[in-house]
Amino acid sequence: MPSHGPGEESTATTAMACGINVDAASALPNAHETGWMKRASAWIYAAVLAVTTGPVLAGSDSAALKSLVDGAKTSHSDTLLVIHDDKVLVDYRRPGAPYRPIEMMSSTKSLVGLAVGRLITQGKLRSVDEPVSDFYPEWKQGNKAKITLRMLLNHTSGLQNEALTSAEIYPAPDGFQLALAAELSDPPGTRFRYNNKAMNLLAGVIEKAAGEPMDTYIAKELLAPMGIQLPPWDDRDQAGHPRAMSGWMATSEDAAKVGKLVLDQGRWQGKQLIDAGYMALMIGQSTPLTQHYGLLWWRQAEGVYLKASAIDHLRAAGVDGSIVDKLSKVSPKRYANLDEFFNGLPALGIDPKLFIADVKAHHMGDNDLFEPSPIVAWEANGYLGNYVVIVPKAHLIAVRQIAVEEEPEAGQPWPYNYDDFTRRVIKLGQSYNSDLAVDKP
């Protein structure tokens, strides 16, 4: 997908807004230096993470591992941490990069999804199907009364939303009130559309359920039991509320612990922090509108398959005939991921953004174009490629982080994304287990 900088709308962002899942999140401001504590010694890290460093290959495909590391280096990654069976395969840090927490951007959403699970486990929330109006009575009238926590968690609330965070979210004095006052662009539960505005209202729900601000609750009830000290939240609105869409500051080790919690179905060192039933909901398909999203966690497949019937669906819907004719030259076809599909469109003479806009205008989504395929990985995914990827059947956790300090010179390509990171992690996972499917359509 095209590279992009802060505040610019990428093909990825537009695709997610119309219900087509891609490996990226909407544009957010860059993380910045917080002056937080410097790196502890390596032996402290080993003790805290409770893993032992094994041989670098440890039975893995050396070419796949090398590819993963090479990609981290060429994309200017600050960190890469790869763990298999509780053994560190790679702990890479860019030369000269200081040890510090890095903002995880939209991967923050996945942490917030775990916080909701913790509240349900404690009985402070009834279920994901609890109406949001239980916490905000002003929504008890009209269609907003139908909006549930699940719909905030899986981007199906129907709230009007501008894809660019700089358009509405950052200028707004109070993110909670911005979401509460938003009109509905779709009936609740009828359309998957990535929605930062609705996401930020979850911070208000968590505060009301927990009796304390979201970041305080996460620090105390979710991260502290795992030995993680949460640095100050890096994204707040003008009213002081922590935003739920971004702001989580983490070291690679912290992020890997969160991945371990998910891999172990909510258990941490023998204690069930989050109910296993909620964990299954969180990483399962949460809406029939897309198979690629759970509750604030992406669900990634080994590949995507452009349907043989996609051309007929596009024609019947009224999508531009010239685009459909060009696409018919490659249908049906298997792609490694949706990035590969979108990146291949220009070679067919198709502008990816125009294609997405046309598909969106005709109320189509990924289920209309692509065959369902087995899910093999769970992914937290933030702007610039701040990732936590879990390949459960390979017992594999991979974290990639980047905090951009310098913008590229005018006219130069954006060098920082690592768009195929998850695909490379899955490739490594295949060297441990040839059947990675955790659920099949």
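Described below are features of the structure shown in this document. (Residues numbered from 1 in each chain as written. Predicted model: local features only at pLDDT ≥ 70, side-chain atom pairs only at ≥ 80, totals over all residues. Heavy atoms only, no water.)

So, about the pattern of salt bridges. A full pass over the atoms with the stated rule returns 18 salt bridges. Between Glu130 and Arg126 there is a salt bridge, and its shortest N-O distance comes to 3.2 Å. You can call Arg126 exposed: its relative accessible area is 60%. Put simply, Lys197 and Glu168 hold a salt bridge, and the shortest N to O gap is 2.8 Å. (Salt bridge = Lys/Arg side-chain N within 4 Å of Asp/Glu carboxyl O. Buried < 20%, exposed > 50% of the residue type's maximum accessible area, 1.4 Å probe, protein only.)

Our focus in this paragraph is the environment of Glu379. Considering the arrangement of structural elements, one finds Glu379 in strand S12 (residues 375-382). Sequence separation between Glu379 and Gly259 is 120 residues, and the spatial gap between their C-alpha atoms is 9.1 Å. Polar contacts involving the side chain of Glu379 include one to the side chain of Gln300, which spans 3.0 Å. (Helix = DSSP H or I, 4+ residues; strand = E, 2+ residues; numbered from the N terminus. Polar contact = N/O pair within 3.5 Å; in protein donor to acceptor, adjacent residues only side chain to side chain.)

As a further point, take the sheet that holds strand S10 (residues 333-335). Strand order in the open sheet formed by 3 strands is S10-S9-S11, with antiparallel pairing between adjacent strands. Because the sheet does not close on itself, it has two edges, and the strands there are S10 and strand S11 (370-371). Summarising the sheet, strand S9 (residues 304-306) and S11 pair through 2 bridges and their orientation is antiparallel. If you follow Tyr305 over to S11, its bridge partner there is Glu371. (Pairing = 2+ DSSP bridges.)

The contact between helix H4 (residues 108-121) and helix H8 (residues 214-223) brings their axes to 10 Å, and the two run at 70 degrees. Here H8 runs roughly perpendicular to H4, going by the angle between their axes. For the pair formed by H4 and H8, the contact residues are Leu111, Val112, Leu114, Ala115, Arg118 and Leu119 on the first element and Met214, Tyr217, Ile218, Glu221, Leu222 and Leu223 on the second. Taken together, the residues that form the contact of H4 with H8 break down as 10 nonpolar, no polar and 2 charged. (Axes fitted to C-alpha atoms, helices over the stretch in contact; angles between N-to-C directions. Parallel < 35°, antiparallel > 145°, perpendicular 65-115°, else oblique. Contact = heavy atoms within 4.5 Å. Nonpolar A, V, L, I, M, F, W, Y, C, P; charged D, E, K, R; others polar.)

As a further point, take the packing of aromatic side chains. Applying the stated criterion across every chain yields a total of 11 aromatic pairs. Measuring from centroid to centroid gives 5.5 Å for Phe192 and Tyr293, while their planes differ by 55 degrees, and the two rings are tilted. Of this pair, Phe192 sits in the loop between helix H6 (175-181) and helix H7 (196-210) while Tyr293 sits in the loop between helix H10 (276-283) and strand S8 (298-301); the two residues are 101 residues apart in sequence, bridging distant segments of the chain. Since its relative accessible area comes to 3%, Phe192 is described here as buried. Looking at Tyr293, the relative accessible area reads 1%, which means it is buried. Plain terms: the ring middles of Tyr335 and Phe341 are 5.3 Å apart, the flat faces sit at 85 degrees to each other, and that makes the pair edge-to-face. The buried category is assigned to Tyr335, whose relative accessible area is 6%. In this structure Phe341 comes out as buried when scored by relative accessible area, which is 1%. (Phe/Tyr/Trp six-rings, centres within 6.5 Å; stacked < 30°, edge-to-face > 60°.)

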